[in-house]
Structure formats: structure tokens, C-alpha cells
Amino acid sequence: MKFEDLLEELDGFGRFQKMIMFLSFIGRFTLPCHFLLNNYIGAIPPHHCALSSEDGNLTHEQRMTISIPKQEDGTFTSCHMFSEPQFQLLGDESSFTNASVVECQNGWTYDNSSFISTLATEWDLVCENRGMNKAMATIFFVGVMLGAAIFGSLSDRYGRKTMLLVSYVLSLCFAMASVFSSSIIMFAVLRFFTGLSITGIVIVTSVLNVEWVSIESRKLVGVIDSFSWTFGYMVLPVMAYGMRDWRWLTVTVTLPLAVALISWRWVPESARWLIANGKVEKAQYYLQKCAVMNKRMKGNSILKPEVLSSIVSEGGNRTYSYLDLMRTPNMRRLALLTGVTWYGVASTYYGMSFNIKGFGLNLYLNQFLYGAVEVPAKLLVYLLLDWIGRRLTEVSGLLLSSCALIINVFIPKGVASVSVCLSVDQWIVRSVIGVLGKGFTSIAFSTLVLYSSELYPTVIRQNGMGFISFMGRLGVALAPLILLLDDVWTHLSQVILCVIALIAGVVASQLPETKGRCLPETIEDIEGTRTGHVAVPDQEKEGREQENGG
């Protein structure tokens, strides 16, 4: 008997499964908020060197004229000032001066019209220190990357429910503690540990949702689950628009974790994991709860320890590790292909998400549009997963996002002609293509989360998800650094992201299709050496049941 057969008896998408999805939604909502938080708390508002208190009889504009040199476009420089006041400029601002220029001597004055407080204004992360703002995002995602490996391994050893609690508690504590940082070093350390602990939420809940639903419901659950990310993505710019202080914004996006922590007591452990690890009685307890909540009391007749023990022949007291991903040839190939694909998808997705000012719209509207485009994209994913399968949907999303990136490279900087008689401002065309490209990367990412959880066997699924999440977060951590390459050439980052997406698409085409197939339970299922277990398509199973009069 397979676990999927058991779920069919208990209703593979009943009230019990919907409860799990709702509870995971609460915690997952805060993930995009923290992942993209640096777009706002790390923003650098317009600034200039702070003026001395002398020359009090002059207006502010006059003091700026004699103290701050102007750039070629007529605006005041942000990082330099005259070594001595240039009073001759009061009579004729266009007059030439070869006065010496020095770096800001008294700090900076910031324009607070867009932000009350950011990391840049708090600790003067401007001019030669402006790179520290991008570094904060990279430090956070290095923590996320390591957390993926840690939680993936520990969740397979100690269970999904236990490690979800650890993730909730630690991420809530570290995120709230970062608000009270007294230095940028302290903030960086706390953001690192916030990233390390918060990644456990997505790793555990993604697998938990898939392991509790039937074959035909996995597609729906994967798409609905991804909407928690989209919802958080769209709400973040709204919260940031109303909360212009970085400390209060951090508190606001963290508070949902407190609600998630309270709701944790109702989250069930994965019955698949319990059976695979020989904890049959505990699995029986949760399966009986599922039967009661789904009003399938007749299913209790098959919830006997001897029946449950026969579902997985491998497991028991054996402990699995990341080394098991490399011990056998098929697992090795699967880990390599999924790892490269995750790196490519994550790097492309976040490379576009972090570049919210690169298409001409303001950072709040652009972020909102990037989130809004995910709604139709994920609805399309729901249809495509059945129409063309997981693999082709994944490959198509990556290749189309690659095309969108390269098209923007060839759009002229001035005016882009879209027809013989019609031309529109360049930023409109770039914004439209950018948003479409973001939609394609969303299709790739949404598909990959479900696809990957179906590829790895139960006994090592969390280790597998931890590994590929590690590879994905490596791509995310490097994305801000790729964007810095625009200082070398305006379009260099887009070309690099285009190539990464293209390579990931080719690699993803080598993965096996999982549409309509049972989840593998053991490594033997992947290697094809387990007797008595064949991952047959769901359609074939239905045909056999009809032949047998079932």
C-alpha cells in the first residue's frame, strides 16, 4: 500500500489539509517582506555635505552655492564640498572656479521627503560607504543560505513540526532585536541570524503541505501556497509607503511571526516523515485526526500499525544526511541538476526584484507591480502544470525571462519606437518588459518549489530541499553584487542574469517529469532498486481500478 492510497481514503484535500495551508500562510507572509526589506531600509535618499554654521545671514540656497560644487547637470554633488567658501559664485554662479574640493567634513544632510530614517541616514552609509547598503542584503542572504542547509538536515532528523517552532522563535527574536541595534556591525550580525532562522519557515512548510495532500491536489496546493509570497510582495510597498522609518518598518513586517508562533500548536507533524522514521503510533495519531476533521471515519479501518509500517520498507532508525544525496548515481544527478536550476532561478528572480529603480518608476509602484504580475503568472502556472507538465513549464519560464532581459539591453536610452508612427518614452517600454520578465521568473520559481518537492524521496526530502535552497540562496546573495556591475557597463548585470537564466533553462530540461506520479518514498525508488514499488502515473492507477471493478 502506498501513502497516496491512504490519503485518498482520508480525503487528500479536505478540511485538515486546508487548515495546514492556512497555518503555513501566516508564517510565510513575512518571508517576502524580510527578503525584500533592504529595498527600503537600505535606500539612500538625496544628500549633500552638511554646511557649517557660519554665514548665518545668507539663505540656505546661497550657502549651498558657496559651499557645494555643482555637477554637469546643475545639481549639487553629494560627497564633496569646497575647502573654502566661494563667495564670488553669489554674483555669477556660472563663473569658473578652480577652488580645491574636499570630502564632506561635517557629515551629511539628508532629504527626508521620501524616508524619515534608513540605514544610510542612521549610520551615514553614503559616498565611499554606500556599498554597505548592498552588503546588508548579501549578509542577510548568506544567513538564509546557511539556514537552508541547517534546517533541511535537522528537519529530516528531528521532524518538520519541531524545526518549524525553532524557526518561528529564533527569527522573531533576532528580527526584533535588530531594531535596537546601536551600530551597523550589530545590525549586520542580527540580520545574518534573522536570515539563518527565517529560512526554516519556507523549507518546512513547503514540504509539509506537499506531504499531506494527494497527487491530484499537489498542483493546486503548490500554487495556492505560493500566493502567500505574492501577497507579502504586494503588501510590503504599501507598508513601506506608510512606514518611512526603518525601525518601525522592520517591526511591522515581523509581527506576523508572533501570530504564527501562537498558531504553531495546531500544526501537525508529517505522517510521511513519521512512518519513514519508524514512528508509526505517532503517525496513526495524526492520520486519525485527519480522518475525523475530513469526516472520513471509515478510513480508520486501515489506520493500523501493521498497515502503516508496510508503506515504507526503508527507514526505521536510520539517519540520513546530505552525503546521501551523493552516494548513488541517480541521486547525485538529481542533486546536481536541481541545484544548478535553483541557483539560476533564484539569481534571476531576485536580480530583477532588487532592481526596483532600474526601469523609471518610483520604488513603491515598481515593487507593487512586480508583486501584482505574479497573480496572473501563478494562475497561469496552475493551468500549465496540467497542460504541459512541470518540466516544460519550468523551462519555458526561464527561457522567456531570459528573452525579456536581453530585449531590454537593446532598447535605446532615449526613445523606443514600437511602431512606424508611434514612439513612447523609454522608461515605459523598459518597465513593461521588466514587469513581464518578472512574471516569467515568477512562473519558473512557483513551478520549481512544487517540482523539487516531488522529485526528492520522503526519507531525504528535507535534506534535498535544504541543499537546493542553499544553492538558491547563494544565487540570491550574489544578486546584489551582480547589480553593482552596472557601474562598469549599464547593461552588464542584465546580460549576466540573461545568461544565467538561459543555462538554468537548459539544465532544467534534463529533469524527469513528475506530473501525475506518486511521491518517491525511499532512495531505492529514485535508483529503481526497490521491489514492490513502481511510481505509476495516477491516470494508469485509475484505469487499473476500473478494470478491477474498483
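See the structure shown above.
Residues numbered from 1 in each chain as written. Predicted model: local features only at pLDDT ≥ 70, side-chain atom pairs only at ≥ 80, totals over all residues. Heavy atoms only, no water.

Trainee: Help me understand the overall build of the chain, please; the structure alone is not making it clear to me.
Mentor: In terms of regular secondary structure, the chain is built from 24 helices and six strands. Here the chain, with 550 residues, has 56% of them falling under the buried criterion. Intrachain contacts of the chain at a sequence separation of at least 6 include 78% that bridge at least 24 residues. As displayed, the chain offers around 23,100 Å² of accessible surface, 62% of which is attributable to carbon and sulfur atoms. (Helix = DSSP H or I, 4+ residues; strand = E, 2+ residues; numbered from the N terminus. Buried < 20%, exposed > 50% of the residue type's maximum accessible area, 1.4 Å probe, protein only. Contact = heavy atoms within 4.5 Å. Areas by Shrake-Rupley, 256 points an atom, 1.4 Å probe, with all protein chains shown as cover.)

Trainee: What am I meant to see in the nonpolar core here?
Mentor: Generally speaking, soluble globular proteins have nonpolar side chains that are buried together. Core analysis: the biggest nonpolar cluster contains 120 residues, and Phe35, Phe141, Trp212, Leu287, Tyr350 and Tyr456 have the highest contact counts within it. Residues within four places of Phe141 in sequence aside, it is in contact with Phe35, Tyr350, Phe354, Arg473, Val476 and Ala477. In this structure, Val210, Val223, Ala377 and Leu519 belong to the second largest nonpolar core, which totals eight residues. (Core = buried A, V, L, I, M, F, W, Y, C linked by side-chain atoms within 4.5 Å.)

Trainee: Would you explain unusual backbone geometry in this entry?
Mentor: Glycine aside, residues mostly have negative phi angles, and peptide bonds mostly take the trans form. For Asp124, which is not glycine, the phi torsion reads 50 degrees and is therefore positive. Within the secondary structure, Asp124 sits in the loop between α6 (119-123) and α7 (131-158). Residue class for Asp124 comes out partly exposed when judged on its relative accessible area of 27%. In this structure, Lys295 takes a positive phi of about 60 degrees despite not being glycine.

Trainee: Sorry, what's going on with the pattern of salt bridges here?
Mentor: Opposite charge on two side chains makes pairing possible when the charged atoms of those side chains draw close. Evaluation of the coordinates by the stated rule reveals twelve salt bridges. In this structure, Glu122 and Arg247 form a salt bridge, with 3.1 Å as the shortest nitrogen-oxygen distance. Linking Glu122 in helix α6 with Arg247 in helix α11 (residues 246-254), this pair joins segments that are 125 residues apart in sequence. Judged by relative accessible area, Glu122 falls into the partly exposed class, the value being 32%. On the accessibility criterion, Arg247 (22% relative accessible area) is partly exposed. With a closest N to O distance of 2.8 Å, Arg160 and Asp156 form a salt bridge. Beyond isolated ion pairs, a larger network of salt bridges with shared partners links Asp156, Arg160, Glu211 and Arg461. (Salt bridge = Lys/Arg side-chain N within 4 Å of Asp/Glu carboxyl O.)

Trainee: Would you explain the packing of aromatic side chains in this entry?
Mentor: The relative placement of two aromatic rings is captured by the distance of their centres and the angle of their planes. The final tally for this structure, using the stated rule, is 26 aromatic pairs. The interplanar angle of 45 degrees and the centroid separation of 5.4 Å between the aromatic rings of Phe29 and Phe231 together place this pair among those described as tilted. Of this pair, Phe29 sits in the loop between α2 (15-28) and α3 (30-35) while Phe231 sits in helix α10 (residues 215-242); the two residues are 202 residues apart in sequence, bridging distant segments of the chain. Here Phe231 falls in the partly exposed class, since its relative accessible area comes to 44%. Here the aromatic rings of Tyr241 and Tyr364 are separated by 5.3 Å at their centres, their planes lie at 90 degrees, and the arrangement is edge-to-face. One end of the pair, Tyr241, is in helix α10; the other, Tyr364, is in helix α17 (residues 363-372), with 123 residues separating them in the sequence. Taken together, Phe35, Phe140, Phe141, Trp229, Trp342, Tyr349, Tyr350, Phe354 and Phe445 form an aromatic cluster joined through their ring pairs. Arg244 extends its terminal NZ or CZ atom over the ring of Tyr241, reaching a point 4.5 Å from the ring centre. (Phe/Tyr/Trp six-rings, centres within 6.5 Å; stacked < 30°, edge-to-face > 60°. Lys NZ or Arg CZ within 6 Å of the ring centre and 35° of its normal.)

Trainee: Just to check I follow, could you spell out the packing of α2 against helix α14 (residues 280-293) for this structure?
Mentor: Describing two packed helices takes the angle between their axes plus the distance from one axis to the other. Running from amino to carboxyl end, α2 crosses α14 at an angle of 110 degrees, the nearest separation of the two axes being 7 Å. With respect to each other, α2 and α14 are oriented roughly perpendicular. Facing Arg15, Phe16, Gln17 and Met19 of α2, the residues of α14 in contact are Tyr286, Lys289, Cys290 and Met293. Partitioning the contact of α2 with α14 into residue classes produces five nonpolar, one polar and two charged. (Axes fitted to C-alpha atoms, helices over the stretch in contact; angles between N-to-C directions. Parallel < 35°, antiparallel > 145°, perpendicular 65-115°, else oblique. Nonpolar A, V, L, I, M, F, W, Y, C, P; charged D, E, K, R; others polar.)

Trainee: What exactly am I supposed to notice about helix α22 (residues 492-508) here?
Mentor: With 17 residues, α22 ought to run about 24 Å at 1.5 Å a step, and its terminal C-alpha atoms sit 24 Å apart, in line with that. Where α22 is concerned, the buried positions are Ser493, Gln494, Leu497, Cys498, Ile500, Ala501, Ala504, Gly505, Val507 and Ala508. (Expected span 1.5 Å × (residues − 1).)

Trainee: What is the right way to read the state of the cysteines from this model?
Mentor: What makes a disulfide is a covalent bond joining the sulfur atoms belonging to two cysteines. All chains considered together, the criterion is met by two disulfides. Covalent S-S linkage joins Cys49 and Cys104, the inter-sulfur distance amounting to 1.8 Å. Sign of the S-S torsion, about -70 degrees for the bond between Cys49 and Cys104, identifies this disulfide as left-handed. Residue Cys49 is found in strand β1 (residues 47-49), and its partner Cys104 is found in the loop between β3 (101-103) and β4 (108-110); the two are separated by 55 residues along the sequence. Note on accessibility: Cys49 and Cys104 belong to one class, buried. Here Cys79 is linked by a disulfide to Cys127, with a sulfur-sulfur distance of 2.0 Å. Taking the sign of the S-S torsion, -100 degrees for the link of Cys79 and Cys127, the bridge is left-handed. You can see Cys79 sitting in the loop between α5 (60-67) and β2 (80-82) and its partner Cys127 sitting in the loop between α6 and α7, a full 48 residues away along the chain. For the chain, the bonded cysteines pair up as 1-3, 2-4 when numbered in the order they occur along the sequence. (Disulfide = S-S within 2.5 Å.)

Trainee: Help me out: how do you make sense of the environment of Phe35 in this one?
Mentor: With respect to the element layout, Phe35 can be found in helix α3. In this structure Phe35 comes out as buried when scored by relative accessible area, which is 2%. Distance in space between the C-alpha atoms of Phe35 and Gly195 is 8.3 Å, their sequence separation being 160 residues. If sequence neighbours within four positions are ignored, Phe35 has contacts with Phe140, Phe141, Val144, Ile198, Trp229, Tyr350, Phe354 and Arg473.

Trainee: When you look at the side chain of Thr121 in this model, what are you seeing that I'm missing?
Mentor: Secondary-structure assignment places Thr121 in helix α6. With a relative accessible area of 18%, Thr121 lands in the buried category. At a separation of 2.8 Å, a polar atom in the side chain of Thr121 contacts the main-chain amide nitrogen of Thr118. Non-local contacts of Thr121, meaning those with residues more than four positions away in its chain, are made with Pro45 and Tyr110. (Polar contact = N/O pair within 3.5 Å; in protein donor to acceptor, adjacent residues only side chain to side chain.)

Trainee: Would you mind going over the side chain of Ser452 with me for this structure?
Mentor: Position of Ser452 among the secondary structure elements: in helix α20 (residues 426-455). On the accessibility criterion, Ser452 (0% relative accessible area) is buried. Polar side-chain contacts of Ser452 include one of 2.8 Å to the side chain of Trp342. A polar side-chain atom of Ser452 sits 2.8 Å from the main-chain carbonyl oxygen of Leu448. In contact with Ser452, other than residues within four places in its own chain, are Trp342, Met465 and Ile468.

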